[in-house]
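Structure at a glance
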Amino acid sequence: MSTNLDIRLKRADKVYREDENITGVIAITTNSDLKHDGITLTVEGCVNLQLSSKNVGIMDAFYNSVKPIQLIGVTCEVSGSGRLPSGATEIPFEIPLKPKSNRVLYETYHGVYINISYAIRCDVKRSFLSKDLQKSQQFLVQYWPGRNPGPPPQIKDGRRSVQFKLSPVTLASGGAGAPDFVLSGQLNGTCCSISKPFTGCMKLEKCAVPVRSVELQLVRVETCGCAEGYAREATEIQNIQIGDGDIPPMVEIPIHMVFPRLFTCPTLITTNFKIEFEINLVIVFHDDHLVTNNFPIILVRD
């Protein structure tokens, strides 16, 4: 007997917000009557934390205590025991999207060491002589505009433009090995809407040697922690070249970066983990020497 089980959500983009209803249909197609012992729907959402290999062994107690954080777990019965006729059957459903007590629904995020995911699962129970049917469908959760949980206190100042000037004397390394140069510019704020581009401008005022490239890097900083300690890891998300070859002096170069939604989310700071972001402005000189300036940024949902 051939049987197909599917979950079809009403929204094509599968994006939902807290307190909304997840609606859709359970589609079951079978070429003969299907006897079952009940149909249930389960909505699950959790935060999975993982340590990098270099931290395992150093923080064994911490490693053992990194457990998934469940944000939502709701199970409802769609149908009791019964029989479905042959052919196609569609069962509509509607489930409210509400977190567990004392929890918040964080935005969907797929990182290297932190993953926040949500899924709806349908189980069709059958007798012990037949295999149960199961189907899972992932969906995305976003914040309501302006309702980021616990935004950092510096969010207001981050809306202002930031002026910067780089030279050998401003580098944290003291400028060792760096040629004589001056790079100035402006960022149009370090508190950014995740749905809008990161913008600004820069210009090379002077440089004693030719420049090979100017690049803009987006970096995520994931921190997993508990009472035993914290592990902080930074990984690059994307690298955009905004200047290629020897840049003429005093020419204004626009800065424009779109945040990739699959690998970013609004800045999130909780008791057990943090998801933060940084922008690196990288200048590569002709002799492969490079200098970097770091700008922490805050992402919000506008």
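Heads up: these notes are all about the structure in this document. Remember, it's a predicted structure, so these values are computed and weren't measured experimentally.

Criteria and cut-off values
Residues numbered from 1 in each chain as written. Predicted model: local features only at pLDDT ≥ 70, side-chain atom pairs only at ≥ 80, totals over all residues. Heavy atoms only, no water. Helix = DSSP H or I, 4+ residues; strand = E, 2+ residues; numbered from the N terminus. Contact = heavy atoms within 4.5 Å. Pairing = 2+ DSSP bridges. Axes fitted to C-alpha atoms, helices over the stretch in contact; angles between N-to-C directions. Salt bridge = Lys/Arg side-chain N within 4 Å of Asp/Glu carboxyl O. Buried < 20%, exposed > 50% of the residue type's maximum accessible area, 1.4 Å probe, protein only.

Structural notes on the environment of leucine 9
Relative to the helices and strands, leucine 9 resides in strand β1 (residues 3-9). Taking the C-alpha atoms as reference, leucine 9 lies 6.6 Å from valine 25; in sequence the two are 16 residues apart. Those residues in contact with leucine 9 that lie beyond four places of it in its chain are Lys14, Tyr16, Ile22, Thr23, Gly24, Phe93, Ile120, Gln137 and Phe139.

Quick look at the sheet that holds strand β15 (residues 198-207)
Either a parallel or an antiparallel arrangement is found when strands of a sheet pair, and the pairing is made through backbone hydrogen bonds. Spatial ordering of the open sheet is given by β12-β13-β15-β18, a layout of 4 strands whose pairing is antiparallel. At either end of the open sheet lies a strand with only one pairing partner, and these are β12 (162-166) and β18 (253-257). The average angle at which neighbouring strand axes cross in this sheet is 20 degrees, direction not considered. The pairing of β15 with β18 spans 5 bridges and is antiparallel. Its bridge partner lying in β18, glycine 200 is registered against isoleucine 255.

What to know about the pattern of salt bridges
Taken as a whole, this structure holds 12 salt bridges when the rule is applied. Between glutamate 107 and arginine 301 there is a salt bridge, and its shortest N-O distance comes to 2.9 Å. Pair noted here: glutamate 107 is in the loop between β8 (87-96) and β9 (109-110) and arginine 301 is in the segment after β21 (290-300), with a separation of 194 residues, a long-range link. This pair shows no difference in class: glutamate 107 is buried, exactly as arginine 301 is. For arginine 212, the salt bridge goes to aspartate 288, with nearest N and O atoms at 2.4 Å. Of the two residues, arginine 212 sits in strand β16 (residues 211-226) while aspartate 288 sits in the loop between β20 (273-285) and β21, which places them 76 residues apart along the sequence. Among the residues examined, arginine 212 registers a relative accessible area of 38% and is labelled partly exposed. One connected set of salt bridges, linked through shared partners, spans Asp6, Arg8 and Glu90.

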